[in-house]
Amino acid sequence: MKFFIDTANLQEIQEAYEMGILDGVTTNPSLMAKEGITGYNNILNHYVKICQIVDGPVSAEVISTEFQGMLEEGQALFDLHPNIVVKIPMIPEGIKAIRAFSDKNIPTNCTLVFSAGQALLAAKAGATYISPFLGRLDDVSSDGLDLISQIRAIYDNYDFDTQILAASVRHPMHIVHCATLGADVMTAPLSAIKALAKHPLTDIGLQQFLADHAKGNA
Ligand code: E4P
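The model shown is predicted, which means the values in this text are computed figures rather than measured ones.

Draft legend 1. Structural context of the pairing of strand 1 (residues 2-6). Within strand 1, 4 of the 5 residues are buried, which leaves it mostly tucked inside the rest of the structure. In the sheet, strand 1 pairs with strand 2 (residues 24-26) via 3 bridges, with the strands oriented parallel. For F4, the partnering residue across the bridge sits in strand 2 and is G24. Taken together, strand 1, helix 1 (residues 10-19) and strand 2 form a β-α-β motif whose crossover is right-handed.

Quick look at the structure:
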């Protein structure tokens, strides 16, 4: 399973990159705003900075909600760097745009996916990635992980190339479950990725090893 980081924070991207486990980055307009990145040119420059840190797919989201606007915006984003993936919302105009980009071999990430039907439609349109939002489904008492396994079964039935990019991941067990269910990619905040490394028995065991070594070498 590929690991993407879900942030527009350059320090966090750098830290995950230095861990040696980072395959790509996802952003969205809320994450950009959280970092105080506003204005068209600043946003474009920020995407370039992210691409300079990570040699892997970087999802950059369009703001337009109609076909022509998405095409123009998406093309401008893609022209910034060859690693840019155009992130497009799961709406009917978005499906048309995904088809148009797919026909031009421009990679896309269909975002805001909350049902298997939406995932099927996006795959039919040729999306490179689809992003089912696990945490937001869990927040409304729906099982986000069930959605991942349903989409996995559908894509495997028909050999769709579209990759399942599990998004809205909130904690380390989401990541473990995504890997168990066969998600192709997961995107998570740095805190959830780092939490994978934690186990109290590891800490206790290490303390003991170091103490015993110190005793023996005193
Ligand atoms: C996906 O690409 C989105 O950026 C993201 O995962 C949304 O997560 P949230 O529900 O924590 O905002």
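Draft legend 2. Up close: helix 1. Taking the backbone nitrogen of Q11 as reference, a side-chain oxygen 3.0 Å away marks N9 as the first, capping residue of helix 1. Looking one or two places after helix 1, you find G20, whose phi comes out positive at around 80 degrees.

Draft legend 3. Fine view of the packing of helix 8 (residues 144-158) against helix 9 (residues 172-181). Contact geometry of helix 8 with helix 9 gives a least axis separation of 10 Å together with a crossing angle of 20 degrees. Comparing the axis directions of helix 8 and helix 9 gives the class roughly parallel. Between helix 8 and helix 9 lies a crossing whose hand is right-handed. Here L145, I148, S149 and R152 of helix 8 come into contact with helix 9, specifically with H174, H177, C178 and L181. Taken together, the residues that form the contact of helix 8 with helix 9 break down as 4 nonpolar, 3 polar and 1 charged.

Conventions and cut-offs
Residues numbered from 1 in each chain as written. Predicted model: local features only at pLDDT ≥ 70, side-chain atom pairs only at ≥ 80, totals over all residues. Heavy atoms only, no water. Buried < 20%, exposed > 50% of the residue type's maximum accessible area, 1.4 Å probe, protein only. Helix = DSSP H or I, 4+ residues; strand = E, 2+ residues; numbered from the N terminus. Pairing = 2+ DSSP bridges. Right-handed = clockwise from strand over helix to strand, strands pointing away. Polar contact = N/O pair within 3.5 Å; in protein donor to acceptor, adjacent residues only side chain to side chain. Axes fitted to C-alpha atoms, helices over the stretch in contact; angles between N-to-C directions. Parallel < 35°, antiparallel > 145°, perpendicular 65-115°, else oblique. Left-handed = near helix turned anticlockwise from the far one by under 90°. Contact = heavy atoms within 4.5 Å. Nonpolar A, V, L, I, M, F, W, Y, C, P; charged D, E, K, R; others polar.

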